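# Structure assessment
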Amino acid sequence: MRKFLLIISVLIILILPGLVTPSCDTNQGQIIPYVQVDLYLLLYADLADVGIGGTKLIPGEGVNGIVLYRESDLLFYAYDLTCTLWPEHDEAVVEDPAFFGVFECPDCGSTYLLMNGGEPNSGPARYPLVEYHTSIQGDVLHVYN
Ligand code: FES
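The rules we used
Residues numbered from 1 in each chain as written. Predicted model: local features only at pLDDT ≥ 70, side-chain atom pairs only at ≥ 80, totals over all residues. Core = buried A, V, L, I, M, F, W, Y, C linked by C-beta atoms within 7 Å. Buried ≥ 20, exposed ≤ 12 C-beta atoms within 10 Å, placed from the backbone. Helix = DSSP H or I, 4+ residues; strand = E, 2+ residues; numbered from the N terminus. Contact = placed C-beta atoms within 7 Å. Pairing = 2+ DSSP bridges. Axes fitted to C-alpha atoms, helices over the stretch in contact; angles between N-to-C directions. pLDDT = per-residue confidence, 0-100.

As a further point, take the nonpolar core. Residues I66, V67, A78, Y79 and V93 are the most contacted members of the largest nonpolar core, which totals 26 residues. Among the elements of the structure, β3 (66-72), β4 (75-80) and β10 (140-144) are those that each provide at least two residues to this core. The residues contacting A78, other than those within four sequence positions of it, are I66, L68, E131, Y132, T134 and V143.

Below, the structure written as C-alpha coordinates:
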(Lines give C-alpha, C1' and ligand atoms only; values in the text may rest on other atoms or scores of the structure.)
Protein backbone atom coordinates (compact mmCIF):
# COMPACT_ATOMS: atom_id res chain seq x y z
CA MET A 1 0.00 0.00 0.00
CA ARG A 2 2.83 2.42 0.87
CA LYS A 3 4.46 1.66 -2.46
CA PHE A 4 1.19 2.38 -4.26
CA LEU A 5 0.79 5.72 -2.45
CA LEU A 6 4.39 6.60 -3.26
CA ILE A 7 3.83 5.88 -6.97
CA ILE A 8 0.60 7.91 -6.96
CA SER A 9 2.38 10.82 -5.22
CA VAL A 10 5.20 10.78 -7.76
CA LEU A 11 2.72 10.69 -10.65
CA ILE A 12 0.77 13.60 -9.20
CA ILE A 13 3.94 15.65 -8.76
CA LEU A 14 5.10 14.91 -12.30
CA ILE A 15 1.79 15.15 -14.15
CA LEU A 16 -0.25 17.77 -12.26
CA PRO A 17 1.79 20.81 -13.29
CA GLY A 18 1.20 19.91 -16.92
CA LEU A 19 -2.53 19.65 -16.31
CA VAL A 20 -2.95 22.93 -14.48
CA THR A 21 -0.69 25.03 -16.70
CA PRO A 22 -3.09 27.31 -18.58
CA SER A 23 -3.33 26.81 -22.30
CA CYS A 24 -1.67 29.51 -24.33
CA ASP A 25 -4.64 31.40 -25.72
CA THR A 26 -2.93 34.76 -25.92
CA ASN A 27 0.43 35.82 -27.19
CA GLN A 28 2.96 35.25 -24.45
CA GLY A 29 5.38 37.71 -25.90
CA GLN A 30 6.38 36.27 -29.25
CA ILE A 31 7.62 38.99 -31.50
CA ILE A 32 6.70 39.43 -35.10
CA PRO A 33 9.23 38.09 -37.62
CA TYR A 34 12.23 40.26 -38.38
CA VAL A 35 12.11 41.94 -41.78
CA GLN A 36 14.74 44.48 -42.67
CA VAL A 37 13.37 48.01 -42.97
CA ASP A 38 15.49 50.74 -44.52
CA LEU A 39 13.35 53.48 -46.05
CA TYR A 40 14.12 57.03 -47.06
CA LEU A 41 11.20 59.41 -47.53
CA LEU A 42 11.30 63.04 -48.60
CA LEU A 43 9.56 65.34 -46.12
CA TYR A 44 8.37 67.83 -48.73
CA ALA A 45 7.43 65.31 -51.39
CA ASP A 46 6.57 61.83 -50.04
CA LEU A 47 5.25 63.20 -46.74
CA ALA A 48 3.96 66.60 -47.82
CA ASP A 49 0.36 65.45 -47.40
CA VAL A 50 0.84 64.24 -43.80
CA GLY A 51 -0.14 66.95 -41.36
CA ILE A 52 0.64 66.98 -37.66
CA GLY A 53 -1.34 64.14 -36.10
CA GLY A 54 -1.69 62.54 -39.53
CA THR A 55 -0.81 59.06 -40.68
CA LYS A 56 0.56 57.52 -43.85
CA LEU A 57 0.44 53.87 -44.82
CA ILE A 58 3.46 52.33 -46.50
CA PRO A 59 2.36 49.00 -47.95
CA GLY A 60 4.88 46.35 -48.87
CA GLU A 61 7.33 47.29 -46.09
CA GLY A 62 7.88 45.59 -42.76
CA VAL A 63 5.91 42.41 -42.17
CA ASN A 64 2.44 43.63 -43.14
CA GLY A 65 3.07 47.22 -44.09
CA ILE A 66 4.09 50.21 -42.00
CA VAL A 67 2.13 53.17 -40.73
CA LEU A 68 3.83 56.50 -40.07
CA TYR A 69 2.40 58.80 -37.43
CA ARG A 70 3.45 62.44 -37.45
CA GLU A 71 3.44 63.78 -33.91
CA SER A 72 4.96 67.15 -34.72
CA ASP A 73 6.63 68.91 -37.60
CA LEU A 74 9.86 66.91 -37.37
CA LEU A 75 8.83 63.95 -35.22
CA PHE A 76 7.53 60.77 -36.83
CA TYR A 77 6.84 57.34 -35.40
CA ALA A 78 6.75 54.19 -37.52
CA TYR A 79 4.85 51.02 -36.59
CA ASP A 80 4.48 47.66 -38.26
CA LEU A 81 0.83 46.93 -39.00
CA THR A 82 0.99 43.35 -37.73
CA CYS A 83 -1.41 42.62 -34.86
CA THR A 84 0.69 41.48 -31.90
CA LEU A 85 -1.87 39.13 -30.37
CA TRP A 86 -1.00 36.25 -32.68
CA PRO A 87 1.86 37.32 -34.96
CA GLU A 88 1.66 33.98 -36.78
CA HIS A 89 -1.80 34.95 -38.02
CA ASP A 90 0.02 37.51 -40.14
CA GLU A 91 -2.93 39.86 -39.76
CA ALA A 92 -2.60 43.57 -40.53
CA VAL A 93 -4.46 46.09 -38.42
CA VAL A 94 -6.54 48.66 -40.30
CA GLU A 95 -7.37 52.25 -39.45
CA ASP A 96 -10.68 52.71 -37.72
CA PRO A 97 -12.58 55.22 -39.86
CA ALA A 98 -14.47 56.46 -36.81
CA PHE A 99 -11.45 57.18 -34.62
CA PHE A 100 -8.42 58.96 -35.97
CA GLY A 101 -5.10 57.24 -35.20
CA VAL A 102 -6.78 54.09 -33.94
CA PHE A 103 -5.92 50.85 -35.71
CA GLU A 104 -7.94 47.67 -35.26
CA CYS A 105 -7.26 44.00 -35.93
CA PRO A 106 -10.06 42.61 -38.12
CA ASP A 107 -9.44 39.19 -36.58
CA CYS A 108 -9.45 39.73 -32.81
CA GLY A 109 -10.77 43.30 -32.59
CA SER A 110 -7.75 44.56 -30.65
CA THR A 111 -7.29 48.29 -31.08
CA TYR A 112 -4.00 50.18 -30.92
CA LEU A 113 -3.45 53.90 -30.37
CA LEU A 114 -0.67 55.43 -32.45
CA MET A 115 -0.61 58.57 -30.29
CA ASN A 116 0.12 56.32 -27.32
CA GLY A 117 3.15 54.46 -28.67
CA GLY A 118 1.05 51.88 -30.54
CA GLU A 119 -0.12 50.43 -27.21
CA PRO A 120 -3.22 48.25 -27.21
CA ASN A 121 -6.27 50.21 -26.15
CA SER A 122 -8.94 47.51 -26.10
CA GLY A 123 -9.36 43.87 -27.00
CA PRO A 124 -7.19 40.91 -26.09
CA ALA A 125 -3.81 42.14 -27.39
CA ARG A 126 -1.28 42.84 -24.65
CA TYR A 127 1.71 44.10 -26.61
CA PRO A 128 2.13 47.30 -28.63
CA LEU A 129 2.64 47.40 -32.36
CA VAL A 130 6.27 46.83 -33.27
CA GLU A 131 7.99 50.17 -33.69
CA TYR A 132 10.78 51.00 -36.13
CA HIS A 133 13.40 53.68 -35.64
CA THR A 134 13.01 57.04 -37.34
CA SER A 135 15.43 59.90 -37.82
CA ILE A 136 15.44 63.05 -39.90
CA GLN A 137 18.47 64.45 -41.67
CA GLY A 138 17.86 67.51 -43.76
CA ASP A 139 14.58 66.92 -45.55
CA VAL A 140 14.78 63.12 -45.47
CA LEU A 141 13.03 60.80 -43.02
CA HIS A 142 14.89 57.54 -42.47
CA VAL A 143 12.85 54.57 -41.19
CA TYR A 144 14.89 51.55 -40.17
CA ASN A 145 15.45 48.71 -37.72
S1 FES B 1 -4.14 38.70 -35.22
FE2 FES B 1 -5.33 36.97 -35.25
S3 FES B 1 -5.78 37.94 -33.50
FE4 FES B 1 -5.28 39.97 -33.98
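The strand order β1-β10-β9-β4-β3-β2 describes an open sheet built from six strands, whose pairing is antiparallel. At either end of the open sheet lies a strand with only one pairing partner, and these are β1 (38-42) and β2 (55-58). On average, adjacent strands in this sheet sit at an angle of 25° to one another, irrespective of strand direction.

Taken in spatial order, the four strands of this open sheet run β5-β6-β7-β8, and their pairing is antiparallel. Each of the sheet's edge strands pairs with one partner strand only, and the pair in question is β5 (94-95) and β8 (119-122).

Let us look at the confidence of the model for the chain. Averaged over all residues, the pLDDT of the chain is 85; the fraction at 70 or higher stands at 79%. Every residue in residues 10-28 scores below 50 in pLDDT, and together they form nine contacts with partners more than four places removed in sequence or on other chains.

Moving on to the environment of N121. For N121, the location among the structural elements is in strand β8. Owing to 15 C-beta atoms within 10 Å, N121 belongs among the partly exposed residues under this scheme. The spatial distance from the C-alpha of N121 to the C-alpha of T111 is 5.4 Å, given a sequence separation of 10 residues. If we ignore the near neighbours within four places in the chain, the residues touching N121 are V102, T111, Y112 and L113.

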